[in-house]
Every structure is written in C-alpha cells, then in structure tokens.
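# Examination of the molecular architecture
For reference, the chains in residue letters:
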Amino acid sequence: MTDRDILLAEIQNKAVVHGKITLSSGQEADAYLDLRRITLDSVAAPLVGRVMLDVTSDLDYDAVGGLTLGADPVAAAMLHAAAAQGRRLDAFVVRKAQKTHGLQRRIEGPDVKGRRVLAVEDTSTTGGSVMTAVEALREAGAEVVAVATIVERGAAPRIAEEGLTYRHPFTLSDFGL
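Below, the structure is looked at part by part. (Residues numbered from 1 in each chain as written. Predicted model: local features only at pLDDT ≥ 70, side-chain atom pairs only at ≥ 80, totals over all residues. Heavy atoms only, no water.)

## Observations concerning helix α5 (residues 128-139)
Using the following cut-off: Numbering of helices and strands runs from the N terminus, with a helix taken as a DSSP run of H or I at least four residues long and a strand as a DSSP run of E at least two residues long. An expected span of 1.5 Å times one less than the residue number is assigned to each helix. Relative accessible area decides the class of each residue, using a 1.4 Å probe on protein chains only: under 20% of the type maximum gives buried, over 50% gives exposed, and in between gives partly exposed.
Given a rise of 1.5 Å per residue, 12 residues ought to cover 16 Å, and the 17 Å separating the end C-alpha atoms of α5 matches this to within 8%. Within the sequence span of α5, burial applies to Val130, Met131, Ala133, Val134, Ala136 and Leu137. Glycine 141 sits one or two positions beyond α5 and adopts a positive phi of about 90°.

The structure is reproduced here in structure tokens:
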C-alpha cells in the first residue's frame, strides 16, 4: 500500500464525523472531516507530510504554511517529512490578525519576503481561509506558487479564479461524502 492509501484509511477511520455541522465558511454539512484528528495523530501526521510533499513534488517552493490553525500541523508535517528526505523546507504561520505587541508580525517563522511559498490548509470548502493566507503572504512580499489541501471540499473554483495552481490528494468523493 502507498502512503496515500494508508492516509486515506486513517482519515476514514479517525476523521469522518457524521451529523449536522456548521463549517467555518458558515455552510452546513451532513458530515465533517475533523482533520486535526489526522494532522495531530502520531500515525497519520507523518503520512500527511509525505503525501503532501508527493502531491506537490513538481512545484518549486522553499517554505510552506498558511492560516493558523488548520495549516499549522500540515506545514509542520511537511517540514519534518522534507527533513527526513534530506530536503530543506521552512514552515511559517499566518495569523488571522497582526499582533499588536512584540514584533507585531502577521506571519511567524522565517521571513517569507522574496521567497517561493506553498500555502496549505487541511481542507477547504470556499477557499476563504487559504485565500486570507495568500493575501497576507503576497503583502509580505512572498511569491505564492500554489495552494495545497489534504481534502478538496469545494474551494477549487475560487482558487482557480485567483489563478493559482491547486493540489490535493483527496476529494470528498474519496470518502463517499
């Protein structure tokens, strides 16, 4: 079995929740993918890193991250998976709002100015969260080469509208949703 196959089984077994759920987009769904149960799981998180690196392997980027909280463990998993492969890959965190104290940074971690970056999210329905991150990254002087999510849930049209390449190893249909 491939890493993708094993990750699919992990998501099916640990992250699919049935019942009425209100998504961050405000939309309601009959099933929810609680991907934090995957991205923060000792078995599944390393798979996330390897699968996301694989699905973006043809892209040229040297830093990865997105809007906190959904993107944080995805970026960390990719950073560690890349290191295990002998590749250097930095991670960053985009805050929902700029800090008003300390260094007052909106993007935490290594500086992204002038760098080719990949914006990630665990899953996306409307693209709102990841596009908020893309906007902040562009304002900070980064070149966003693409967007990647673990599960595509409906954001593809919005991301295409923005002219961005979009990668995802899974869609809702992979889970019968």
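And the narrative resumes.
## Quick notes on helix α3 (residues 44-55)
What counts here: For this analysis, residues touch if any pair of their heavy atoms sits within 4.5 Å.
In a regular helix each residue adds 1.5 Å, so 12 residues correspond to 16 Å; α3 covers 16 Å between its end C-alpha atoms and thus fits that length. Within the sequence span of α3, burial applies to Ala44, Ala45, Leu47, Val48, Gly49, Val51, Met52 and Leu53. Structurally, α3 contributes buried residues whose contacts are with α1 (3-14), α2 (36-39), α4 (72-84) and β7 (143-152).

## Some points on the packing of α1 against α3
Note the cut-off: The angle between two axes is taken between their N-to-C directions and runs from 0 to 180 degrees, where each axis is a line fitted to C-alpha atoms and a helix contributes only its stretch in contact. Note on terminology: angles under 35 degrees are roughly parallel, angles over 145 are roughly antiparallel, angles of 65 to 115 are roughly perpendicular, and the others are oblique. For any pair of crossing helices, the crossing counts as left-handed if the nearer helix is rotated counterclockwise from the farther one by less than a right angle, and right-handed if it is rotated clockwise. Residues are grouped as follows: nonpolar covers Ala, Val, Leu, Ile, Met, Phe, Trp, Tyr, Cys and Pro; charged covers Asp, Glu, Lys and Arg; every other residue, Gly included, is treated as polar.
Taken N-terminus to C-terminus, the directions of α1 and α3 make an angle of 135°; their axes are 9 Å apart at the nearest point. The angle between α1 and α3 places the two elements in the oblique class. The hand of the α1/α3 crossing is left-handed. Taken together, the residues of α3 that come into contact with α1 (itself represented by Asp3, Arg4, Ile6, Leu7 and Glu10) are Ala44, Leu47, Val48, Arg50 and Val51. For the contact of α1 with α3, the class distribution of residues is six nonpolar, no polar and four charged.

## Notes on the pairing of β7
A regular strand places its side chains so that they alternate between the two faces of the sheet. How we decide: At least two DSSP bridges between two strands are needed for those strands to be called paired. When the strands point away from the viewer and the path from the first strand over the helix to the second turns clockwise, the crossover is right-handed.
In terms of burial, β7 is largely enclosed, as nine of its 10 residues are buried. With eight bridges joining them, strand β6 (residues 116-124) and β7 adopt parallel strand pairing. The residue bridging valine 120 from the neighbouring strand is alanine 148, located in β7. For the handedness criterion, the β-α-β arrangement of β6, α5 and β7 is classed as right-handed. Note on the crossover from β7 through helix α6 (residues 156-161) to strand β8 (residues 165-167): the handedness is right-handed. Relative to strand β9 (residues 170-171), β7 runs parallel, the two being bridged by two bridges.

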